[in-house]
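# Structure at a glance
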Amino acid sequence: MANGQWYPPEWPDRIRALAEGRLTPAAPKRAATVMLLRDADTGPAVHMLRRRASMAFAGGAYAYPGGGVDPRDEQQIRWAGPTRAWWAQRLGVDEAAAQAIVCAAVRETYEEAGVLLAGPTHDSVVGDTTGEAWEADRAALVARDVSFAEFLDRRGLVLRSDLLGAWTRWITPEFEPRRYDTWFFVAALPEGQRTRNASTEADRTVWIRPAEAAASYDKGELLMMPPTIATLRRLTPYDSAAEALAAAPGCDLTPVLAQARLEDGEIVLSWPGHDEFTKHIPTGGAPA
């Protein structure tokens, strides 16, 4: 392929099975992912991780810290920033689901990147989150030995929902066996904190300018799923992390869901509003 678009070889067969009624779509699981930004001399850079090639879903692809909602993300939690009602309206879900999605975004960022969007007060953020005690807490979260609410309560911290900006929403295609309804957020790296590869699912992490990452994708050097490269392209106009965060309230959160149709003897796979990802799949061959 000319670019780095992630395209599993089993998709054509699964698309045909779905079209012929032989495949029942899996219910998508709610998830959240965060584009962490930090300012550099040449503009903001975004934190990305490369999924291990052995991963069942999107192995080898570059992505952002994130993951599925934990049922306990709906627990009563120390909270700062816009109300749950505000977030419910912004995300297009009820208040319990809105809290869970925002909580998952903050929790997964801490679990996978070691960055914590929380503080001891409503207008502060923790500094250095390294050290044995912090790592023990992070490992307990990953193992699901404690909930995020319990972790924050134990440390006397409040979740800073105001440090997040909702950016976009993508739903995994119906023909994928693992499906996610994912909200993408932007956030600035808090002062005093630093990222690290804390994820067992990643074998590499980078800070990279969105334009540079997009150019590497276009050359076929970086493998990415459509929502990842789409969000990168939308970050390129901004000169700072603060600019991107300020733009978030105006972002459209209408879900993007891939569509597949049979046309002139081939399968046409498309993502509404994102023509660059359109694939034409001959009934017996590889995508074009």
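Above this text is the structure in question.
Now for a look at the structure at hand. Not measured: the values here are computed from a predicted model.

Read from one edge to the other, the open sheet built from 3 strands follows the order E12-E13-E14, with strand pairing classed as antiparallel. Each of the sheet's edge strands pairs with one partner strand only, and the pair in question is strand E12 (259-263) and strand E14 (274-282). Here the average twist between neighbouring strands, direction ignored, is 20 degrees. Where E12 and strand E13 (residues 266-271) come together, 5 bridges link them in antiparallel fashion. The residue bridging Glu263 from the neighbouring strand is Glu266, located in E13.

The next subject is helix H7 (residues 226-235). Within H7, 8 of the 10 residues are buried, which leaves the element mostly enclosed by the surrounding structure. Taken residue by residue, H7 has Pro226, Pro227, Thr228, Ile229, Ala230, Thr231, Leu232 and Leu235 as its buried positions.

It is worth spelling out the sheet that holds strand E7 (residues 158-160) at this point. Taken together, the 3 strands give an open sheet; going across it, the order is E5-E7-E6, and neighbouring strands pair in mixed fashion. Because the sheet does not close on itself, it has two edges, and the strands there are strand E5 (79-80) and strand E6 (118-119).

Time to look at the pattern of salt bridges. Tallied over the entire structure, the rule returns 17 salt bridges. Here Glu108 ties to Arg107 by a salt bridge, and the two come within 3.1 Å at their closest N and O atoms. For the pair Glu108 and Arg107, a shared accessibility class is recorded, and that class is buried. Linking Arg155 and Asp137 is a salt bridge whose minimum nitrogen-to-oxygen distance equals 2.6 Å. In this pair, Arg155 is assigned in helix H5 (residues 148-155) and Asp137 in helix H4 (residues 132-142), connecting sequence segments 18 residues apart. The class of Arg155 is partly exposed, set by a relative accessible area of 29%. Taken together, the salt bridges that share partners define one network made up of Asp70, Arg72, Asp73, Arg107, Glu108, Glu111 and Arg144.

Glancing now at the packing of H4 against H5. For any two helices packed against each other, one specifies the inter-axial angle together with the distance between the axes. For the pair H4 and H5, the least separation of the axes is 10 Å and the interaxial angle reads 160 degrees. Considered as vectors, H4 and H5 are oriented roughly antiparallel to each other. Seen along the crossing, H4 lies across H5 with a hand that is right-handed. Facing Ala133, Trp134, Asp137 and Leu141 of H4, the residues of H5 in contact are Phe148, Phe151, Arg154 and Arg155.

In terms of nonpolar packing, the biggest core is built from 43 residues, with Trp87, Leu91, Leu116, Phe148, Leu159, Leu164 and Phe185 touching the most fellow members. Looking at this core, the elements with two or more residues in it are strand E1 (29-40), helix H2 (84-91), helix H3 (95-113), H4, H5 and strand E9 (180-188). The greatest single-element share of this core, amounting to 11 residues, is contributed by H3. When residues no more than four places from it in sequence are discounted, the contact partners of Leu91 are Ala98, Ile101, Val102, Ala166, Arg169, Trp183, Phe185 and Leu253.

Turning our eyes to something else, we now look at H5. Turning to H5, its buried residues are Phe148, Ala149, Phe151 and Leu152. All buried residues of H5 fall inside an arc of 160 degrees around its axis, so they share one side. For H5, the secondary structure elements touched by its buried residues are H3, E6, H4 and E7. Looking one or two residues past H5, Gly156 carries a phi angle of roughly 65 degrees, positive in sign.

Among the 9 residues in strand E2 (residues 43-51), 8 count as buried, and that is most of the element. Of the pairings in the sheet, the one linking E1 to E2 comprises 4 bridges and is antiparallel in character. Within the sheet, the bridge partner assigned to Arg38 lies in E2 and is Ala45. The loop that links E1 with its antiparallel partner E2 comprises 2 residues. Here E2 pairs with strand E3 (residues 62-63) via 2 bridges, running antiparallel. Opposite Leu49, over in E3, you have Ala63 as the bridge partner.

Definitions and cut-offs
Residues numbered from 1 in each chain as written. Predicted model: local features only at pLDDT ≥ 70, side-chain atom pairs only at ≥ 80, totals over all residues. Heavy atoms only, no water. Pairing = 2+ DSSP bridges. Helix = DSSP H or I, 4+ residues; strand = E, 2+ residues; numbered from the N terminus. Axes fitted to C-alpha atoms, helices over the stretch in contact; angles between N-to-C directions. Buried < 20%, exposed > 50% of the residue type's maximum accessible area, 1.4 Å probe, protein only. Salt bridge = Lys/Arg side-chain N within 4 Å of Asp/Glu carboxyl O. Parallel < 35°, antiparallel > 145°, perpendicular 65-115°, else oblique. Left-handed = near helix turned anticlockwise from the far one by under 90°. Contact = heavy atoms within 4.5 Å. Core = buried A, V, L, I, M, F, W, Y, C linked by side-chain atoms within 4.5 Å. Arc of directions from axis to C-beta.

Structural measurements only, silent on function.
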